[in-house]
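Survey of secondary and tertiary structure
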2 protein chains.
Amino acid sequence: MPKLWNETIEEHRRAVRDAVLETTAALVMEHGLRAVTMSKIAGESGIGRATLYKYFPDVESIMVAWHERQISGHLHELAQLRHGPGGPGERLERVLEAYAFIQQRRHGHGAELGALLHRGGHVAGAEQHLQHFLRELLAEGAQAGDIRDDVSPDELASFCLHALAAAGALASKSAVRRLVAVTLTGLRPPG
Amino acid sequence: MPKLWNETIEEHRRAVRDAVLETTAALVMEHGLRAVTMSKIAGESGIGRATLYKYFPDVESIMVAWHERQISGHLHELAQLRHGPGGPGERLERVLEAYAFIQQRRHGHGAELGALLHRGGHVAGAEQHLQHFLRELLAEGAQAGDIRDDVSPDELASFCLHALAAAGALASKSAVRRLVAVTLTGLRPPG
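Residues numbered from 1 in each chain as written. Chains lettered and ligands numbered in written order. Predicted model: local features only at pLDDT ≥ 70, side-chain atom pairs only at ≥ 80, totals over all residues. Heavy atoms only, no water.

1. As for the UniProt feature "DNA-binding region" (unreviewed entry) in chain A
UniProt tags residues 37-56 of chain A as "DNA-binding region" (unreviewed entry). A helix fraction of 75% and a strand fraction of 0% characterise residues 37-56 of chain A, whose end C-alpha atoms lie 12 Å from each other. (UniProt positions renumbered as here; feature names shortened; annotations may be inferred. Helix = DSSP H or I, 4+ residues; strand = E, 2+ residues; numbered from the N terminus.)

Right, here's the structure in full:
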């Protein structure tokens, strides 16, 4: 069945948008936010400058859009792990490890870019979503006896998110795994 | 023995300085940074405006000086607990609880004031000092068998400081104590 013209247009627009996001993020990571111009992005993405401006008004808004896409990708990845196989304890472990690795990777952004990316409301929204999501998984775990029930799932979720932020300063994958193990020990029912 | 003239001057200057710091902090906490002027501070401190300017150039620098004094007070308090009575496990518990309460109190500063106070290098310096200090106490605890030794004291110190930052969003003292208990569980030898 041939595609409708509208679908083709929509697909094309999405492909251009994705290419612009990838190109811009790569340029900014390599050269820093200040060194990247709209002309440079247009050139590297293989589109005209005028076309680029139909998609985005400036470099900052491209980076915010890229970050929104990153975050929704991460939330999607964590949701899949949450609903994966195994008991709540195992699934929690997979979710916390994946979250810690995300924290470790994202640390490379640098202060200026970090401030820009956190200006939008999408980060606060994602954090709230994550807190809610972890709370439910922790409540499941408490019911199954994998997780302590003398502290509320909400307080435990906040403990996890703060503790795992320490991954941002860790250099190796094994250090991140140790951090996850220490955090999980805190969540277990007390001996 | 009568005091030397220089000592009297020095004492007087310190008393004026302390009064200015207290007054300014109280005014800023009540009315917000933007609403407080140098004239208002001079009036409330009971000194002339010209005298105030001999001590500080503006409201921001008073607040930074106040914050430096707060931080060194906190570090002093934590150092006393560290060198207090009892085994390393007990002393660690007292230090972590005191640190968590400091985190809870300081959360009231608000975003604008928080950004100002963290601009100076003194906060980074204090954090480094605290990390070093906790690392030593954790190493002592590991040697005494109170603290796990499968993860380095440095990584455990970073875990503690991040986890206890969650106290900033906690409303009650008992919630802070639960957070400290969960964090301590993470530090205990596994199994």
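Structure shown, so let's carry the discussion forward.
2. Considerations on the side chain of Thr-185 of chain A
The topology assignment puts Thr-185 of chain A in helix H9 (residues 173-187). Here the side chain of Thr-185 of chain A touches Ala-181 of chain A through a polar contact of 2.8 Å, landing on its backbone oxygen. Sequence-distant contacts of Thr-185 of chain A, that is, excluding residues within four places in its chain, are made with Arg-148, Thr-185 and Gly-186 of chain B. (Polar contact = N/O pair within 3.5 Å; in protein donor to acceptor, adjacent residues only side chain to side chain. Contact = heavy atoms within 4.5 Å.)

3. What to know about the packing of helix H8 (residues 153-164) of chain A against helix H8 (residues 153-164) of chain B
Axis separation between H8 of chain A and H8 of chain B bottoms out at 7 Å; the angle between their running directions is 135°. Comparing the axis directions of H8 of chain A and H8 of chain B gives the class oblique. Between H8 of chain A and H8 of chain B lies a crossing of right-handed hand. Residue-level contacts link Phe-159, His-162 and Ala-163 of chain A of H8 of chain A to Phe-159, His-162 and Ala-163 of chain B of H8 of chain B. Class assignment for the residues of the contact of H8 of chain A with H8 of chain B results in four nonpolar, two polar and no charged. (Axes fitted to C-alpha atoms, helices over the stretch in contact; angles between N-to-C directions. Parallel < 35°, antiparallel > 145°, perpendicular 65-115°, else oblique. Left-handed = near helix turned anticlockwise from the far one by under 90°. Nonpolar A, V, L, I, M, F, W, Y, C, P; charged D, E, K, R; others polar.)

4. With respect to the nonpolar core
Grouped burial of nonpolar side chains is what soluble globular proteins tend to show. Formed by 75 residues in total, the largest nonpolar core has its most connected members in Leu-134 and Leu-187 of chain A together with Leu-134 and Leu-187 of chain B. Residues in contact with Leu-134 of chain A, not counting those within four places in the same chain, are Leu-92, Val-95, Leu-96, Ala-157, Cys-160 and Leu-161 of chain A. (Core = buried A, V, L, I, M, F, W, Y, C linked by side-chain atoms within 4.5 Å. Buried < 20%, exposed > 50% of the residue type's maximum accessible area, 1.4 Å probe, protein only.)

5. Here's the deal with the UniProt feature "domain: HTH tetR-type" (unreviewed entry) in chain A
Per the UniProt entry, the sites bearing "domain: HTH tetR-type" (unreviewed entry) are residues 14-74 of chain A in this numbering. Strand forms 0% of residues 14-74 of chain A and helix 80%; the C-alpha atoms that close the span are 20 Å apart.

6. Description of the domain arrangement of chain A
Residues and elements named next belong to chain A. For chain A, the domain assignment lists domain 1 (1-57) and domain 2 (59-191). Once you take the C-alpha centre of each, domain 1 and domain 2 turn out to be 30 Å apart. Contacts between domain 1 and domain 2 engage 18 residues on the former and 11 residues on the latter. Summed over both sides, the interface of domain 1 with domain 2 buries roughly 1300 Å², with 73% coming from carbon and sulfur. When residues of domain 1 are sorted by the area they lose upon contact with domain 2, Leu-21, Met-29 and Leu-33 head the list and together hold 42% of the total. Here Arg-69 and Asp-18 are joined by a salt bridge, their closest N and O atoms 3.1 Å apart. There are two residue pairs in polar contact (both at pLDDT 80 or more) connecting domain 1 and domain 2. Elements with a minimum of two residues in the side of domain 1 that touches domain 2: helix H1 (5-31) and helix H2 (38-45). Here the residues of the side of domain 1 that touches domain 2 sort into 12 nonpolar, two polar and four charged. (Domains from an automatic or database assignment. Buried area = accessible area lost by both parts, 1.4 Å probe. Salt bridge = Lys/Arg side-chain N within 4 Å of Asp/Glu carboxyl O.)

7. Overview of the interface of chain A and chain B
Between chain A and chain B, the residue contacts involve 20 residues of the former and 20 residues of the latter. For the pair chain A and chain B, the two sides together bury roughly 1600 Å², of which 69% comes from carbon and sulfur. Taken together, the links from chain A to chain B amount to two salt bridges. The partner of Glu-155 of chain B in a salt bridge is Arg-178 of chain A, with the nearest N and O atoms 2.8 Å apart. Counting across the interface, chain A meets chain B through four residue pairs in polar contact (both at pLDDT 80 or more). Breaking the side of chain A that touches chain B down by element, the ones donating at least two residues are H8 and H9 of chain A. Among the elements that line the side of chain A that touches chain B, the one with the most residues is H9 of chain A, at eight residues. Per-class residue counts for the side of chain A that touches chain B are 11 nonpolar, five polar and four charged.

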